[in-house]
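Observations on the three-dimensional arrangement
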Amino acid sequence: MLMAILVMVGLAAFFGALLGYAAIKFKVEGDPITDQIDQLLPQTQCGQCSYPGCRPYAEAIAKGEIGINHCPPGGDSTIQALADLLDVEPLPLDEEAGEHSDVPLVAIIREETCIGCTLCIQACPVDAIVGAAKLMHTVIADECTGCELCLPPCPVDCIDMIPVPQSTDNWVWPEPATLGKIPIKIEVKA
Amino acid sequence: MQFDTRITSLVNDAPDISQLMKQVLYALIPAVATLLYFYGWGVLINLVLAVVFALALEGIALWVRGKPVKPFLKDFSAIVTACLFALTLPPLISWWLILVGLFFAIIVAKHLYGGIGYNPFNPAMIAYAVLIVSFPLQMSQWPGAYSVTGEWLSLSDSLSIVFGQMDADWDAITRATPLDEVRTGLITGQSYQDIVAGDHFGWLSGVAWQWTSLAYLLGGLYLIKARVISWQIPVSVLAGLAGVAALMWLVDSSIYASPLFHLFSGATMLGAFFIATDPVSASTTPFGQLVYGASIGFFIYVIRTWGVYPDSVAFAVLIMNMAVPMIDYYTQPKVFGDSGRAVHGKR
Amino acid sequence: MNTLIQKLWKMRGGVHPAFHKDDSTRQPIQHTAIPPQLIIPLQQHVGHLPDLKVAIGDTVEKGQMLASVSAVGIGAAIHAPTSGVITSIEERTIPHPSGLAGSCIVLDSDGKDDWGNQRLAPLADYRECAADELLQRIEQAGVVGLGGAVFPSEVKLASAGEGNVETLIINGAECEPYISCDDMLMRERAEEVIVGIDILMHLLKAKRCLIGVEDNKPEAIAALNSALETLGAAGNAGHGQIEADQGSNTQLSGDSSDSASLAIQTVSPIASAPRIEVVAVPTMYPSGDAKQLTRILTGIEIPKGVRSPSLGLLCHNVGTAYSIYEAVVAGKPLISRITTVTGNGIQSPQNFEALIGTPFSFLVEQAGGYTDKAERLIMGGPMMGIALPSDGLPVVKACNCILISSRDELRLNDHDPADDERLVMPCIRCGKCMQACPVKLLPQQMYWHARARDFEKVAEHNLSDCIECGACSYVCPSHIPLVDYFRFAKTEMKAQQQAAIKSSQSRERHEFHEFRKAREKAEREEKRRKQKEALQKKKAAAADGKAGEGDSKQDAIKAAMERAKAKKAALKAAAKNKQDNSDAV
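Residues numbered from 1 in each chain as written. Chains lettered and ligands numbered in written order. Predicted model: local features only at pLDDT ≥ 70, side-chain atom pairs only at ≥ 80, totals over all residues. Heavy atoms only, no water.

**Concerning the overall build of chain C**
- Within chain C, the secondary structure is distributed over 15 helices and 19 strands.
- Residues classed as buried in chain C amount to 56% of the 585 residues present.
- Contacts in chain C between residues far apart in sequence, at least 24 positions, make up 74% of those at least 6 positions apart.
- By element, 53% of the accessible surface of chain C is carried by carbon and sulfur atoms, the whole surface being about 24200 Å². (Helix = DSSP H or I, 4+ residues; strand = E, 2+ residues; numbered from the N terminus. Buried < 20%, exposed > 50% of the residue type's maximum accessible area, 1.4 Å probe, protein only. Contact = heavy atoms within 4.5 Å. Areas by Shrake-Rupley, 256 points an atom, 1.4 Å probe, with all protein chains shown as cover.)

Following this line, the structure appears as structure tokens:
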């Protein structure tokens, strides 16, 4: 009886020590999960998730403060990727956060209307608008993430969101299954 | 002038599935003729019933699954499955066993897995395996060859037996197959040489079986020549089987059958050229095909020699079907330029 | 003369389509009339969009540079194919599978086809020229690879470097069905091609040259060999001079007459002729792929990511060699190319020397017009070409063939729902695609993964090595458009990569934005703090100052009061004295 107890205690002590050692030896450094989440987010920095940018949202997800379905620009594919990463069930996109658009958008300033107030420059999270006070502003299309944060501050509503223009550089060969159903040509709104 | 741009990958001008399948059927003609000669009308009845049942089941399955029926029926794949299955059956087997077998082949093994192209297992072999496990007695009632018994059963009598109108005198009709005879003979202590000395044994195997095997071999060589199948699988199946058989035969030729006997008995040739080469369930990489084929040959020998079933091609093929994804994964060929000889070749 | 016996290596895979080359080789190369309007896309090459040198309304001469190599990176110059007026510079549909528009220069020709003084000075004694000078000329002339890659030749040659290339491979295989432009070029202008090769060999300091021609072009092989003999004999004779008259073809067009007048150049004998060898390679598609031809001729497989010059090799197309000849010896920029117009949709299939920018419809008209079989328009061959929507599109530098044919003759696999003969069936894993693949890929596995959009797995199966030759699609018994899946996967992966790059850039920019905001805030606070401090100091100082000033005021008041007192006292005393004095009086 005593022997049995001793053996059990001994085993328990041994495995406990082993686990403790393993925990120290194989400790994962830092908190890479936030980085991993941040990698999957679209980096539009739009704040539609109610956090000021993608990184804070990633931190909030990592802490479990908020669900994975509050990122409209990422849409279902981002939700799926996050679900895979975090091993949770994918959820439908939170409608309160906004709607997902399949077509990537960029902002464009109607330059004849712009009064040069610089408000949009301050609003842009990626510094993609250039201009100076009382001078016309313009959007660097390549840098614009389509976050729409510049729209509300504009006092004269001179900023429009347009689909990213198709060119031979960003054109994607149509997936064969869709041939014959969807016309290959995509109308670009001027 | 405006043109239609609805063109994908432009030209496609090679035999399509139905043409490939038809060539397989042509290649079966010599074997069917030989079997007809030795076993009579039962062979033809099996084939006709199997084709009719297979087409009916295929049509129903396609209709239920909402697929276009006509083009898929026209691909001949169901007919090939039916013929291969029918050729593994003993002649004069009851019609409903054919139906049961084809139900498993077409519905379970093929359409429940997604139809043509998606079945991980060879449908004809699934059908054979189901029947031999479930109805071992009926599946081993091989009538004696006409050359042995000298009795030619008329078409009407054959039909009556198949449709259960007439009870066959099975004890009188059936003969043990050479494989069975060798196995039981060896179990009862006879030497291999004594067993094959019987007059119904030819110089390779049983008389009927050796000629049938040669007919399959002929058809198989045609398929290789017509590039319907690649040489890797049949050659490696035969080499795998013959290799193991030769090894054992050299160890003790009185208790292990000769490699030639194995090659020309049972369904070896049918399996090597027509069954194992079913592209859907076989390995696709050249080296993988060698591994796949040699393993089938190995398992044919092992199950034949130490197993209890009359033949083992079906089980060997099904076992290796399971291993195909793994074989393919580990035997990817090296891409162009990756062969490590990016230096001047010897001139 | 050549004693070398060229061993050939067998190509792996490949297919034997119906070649249909005889249709378009019955007539000699025709020079077209000058089309009334030319549409010249700016992007006709790999690299950056060139910089425009002309404006709307400009009158240009033939050969005038319309756009020069981009200042930001590699590219090729564009020249006016004929003289005329630039009427527009606008977005027009370009010959691209997307059917999208690109910037084009629209040139209304004046019919004079006048070179003015735009012709480059002929460098007939190119062997005296330094490599740099020749490279500069090739760049100036806008020469790009005419085999289909349209990569700027100058960049390719310059990056190969001098002396690195031991074997120059000239690609005259032309393995794709229907196309015969290289075949006709070699038949009719073999000497010019050889001179072009000699320029390349001189430029690269190559030790030898192998011209690979498929053995279904015996006339071309014979023409090249006889040209080698003529030019080489002249070389051996020492001072024999031969005339390389490239304009022997007396056609009505202005181009031929002026090339004749100008190209009566005395070309010095070709000393390198003994080191040039014409090799007949077995006819098998796609032996004309540069890497495949290299392997067939030398046994060397150029691995992915390895530049061929590092293995002592470089491959150029015969058409490119000819263009280099024209640029160097004839001083003619790349303003025209030989284009095959063929297919059963064409009345009289043949080859044309077509000006860049010529609308397809103009060429078709010159070839006798359409037949009733004109159902599809393909630029390039049936295996790798691209289907185009309209015959208003222009000939570009890459346009080796205009194929107009019926769907049935091409055995097109275009998935007409009404056509259940050629319905796409499921893959039966037959492995025929793998056997046909010249680069030893597993098209079937790539297809499964591409269909599942598992692009990581597709990449693992070496999608980037796929040359899109179409051999797998050609043999597929299930009629699966494999190459379309691979093109889709390639472009989609590129788009995803671009998106990933953009998102990481956005992240960096946002981080910088946040940092900048934080810094500005910190700076503002610092400034405010400093201001506050300064104010406080000032206040303190002011307080001190006020106190001091107050004292002095009080002092002053005191002093004033004292002074006043003293004055008063003095006045009092004076009055007293006066009073005393009056009293005394």
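Structure shown, so let's carry the discussion forward.
**With respect to the interface of chain B and chain C**
- Facing 53 residues of chain B, the contacting portion of chain C comprises 76 residues.
- Of the roughly 5600 Å² buried between chain B and chain C, counting both surfaces, carbon and sulfur atoms make up 55%.
- Inspection of the region where chain B meets chain C yields 1 salt bridge.
- Across the salt bridge formed by Asp328(B) and Arg429(C), the nearest N and O atoms sit 3.4 Å from each other.
- The interface formed by chain B and chain C holds 9 residue pairs in polar contact (both at pLDDT 80 or more) in total.
- Among the elements of the structure, helix H1 (17–39), helix H3 (69–73) and helix H18 (313–330) of chain B are those that each provide at least two residues to the side of chain B that touches chain C. (Buried area = accessible area lost by both parts, 1.4 Å probe. Salt bridge = Lys/Arg side-chain N within 4 Å of Asp/Glu carboxyl O. Polar contact = N/O pair within 3.5 Å; in protein donor to acceptor, adjacent residues only side chain to side chain.)

**Regarding the interface of chain A and chain C**
- The interface is formed by 35 residues belonging to chain A together with 28 residues belonging to chain C.
- Between chain A and chain C the total buried area reaches about 2600 Å² when both faces are included, carbon and sulfur atoms providing 53% of it.
- Its salt-bridge partner being Asp127(A), residue Arg516(C) comes within 2.8 Å of it at the nearest N-O pair.
- Remark: the boundary between chain A and chain C carries 12 residue pairs in polar contact (both at pLDDT 80 or more).
- Looking at side-chain class alone, the side of chain A that touches chain C contains 18 nonpolar, 10 polar and 7 charged residues. (Nonpolar A, V, L, I, M, F, W, Y, C, P; charged D, E, K, R; others polar.)

**Some words on the UniProt feature "binding site: [4Fe-4S] cluster 1" (unreviewed entry) in chain C**
- The UniProt record annotates "binding site: [4Fe-4S] cluster 1" (unreviewed entry) at Cys427(C), Cys430(C), Cys433(C) and Cys476(C). These annotated residues cover 50 residues of sequence, and their C-alpha atoms all fall within 10.6 Å of one another, placing them together at a single site.
- Along the chain, the position of Cys433(C) falls in helix H11 (residues 432–436).
- A residue is classified by how much of its surface remains accessible, and Cys433(C), at 8% relative accessible area, is buried.
- Residues contacting Cys433(C), with those up to four places away along its chain left out, are Pro443(C), Gln444(C), Cys472(C), Val475(C) and Leu482(C).
- Looking at where Cys476(C) falls in the secondary structure, it is placed in the loop between helix H14 (471–475) and helix H15 (482–584).
- Dropping the residues within four chain positions of it, Cys476(C) is found in contact with Asn12(B) and Leu482(C). (UniProt positions renumbered as here; feature names shortened; annotations may be inferred.)

**Concerning the UniProt feature "binding site: [4Fe-4S] cluster 1" (unreviewed entry) in chain A**
All names here are of chain A.
- If you check UniProt for "binding site: [4Fe-4S] cluster 1" (unreviewed entry), the listed places come out as Cys46, Cys49, Cys54 and Cys71 in our numbering. In sequence the annotated residues extend across 26 residues, while in space they remain close, none of their C-alpha pairs exceeding 9.1 Å.
- Here Cys46 is to be found in the loop between helix H2 (32–40) and helix H3 (54–63).
- Beyond its immediate stretch of four places on either side in the chain, Cys46 contacts Pro73, Cys147 and Leu149.
- Here Cys54 is to be found in helix H3.
- Here Cys54 is in contact with Asp38, Leu41, Gln43, Thr44 and Gln45, once residues within four sequence places are set aside.

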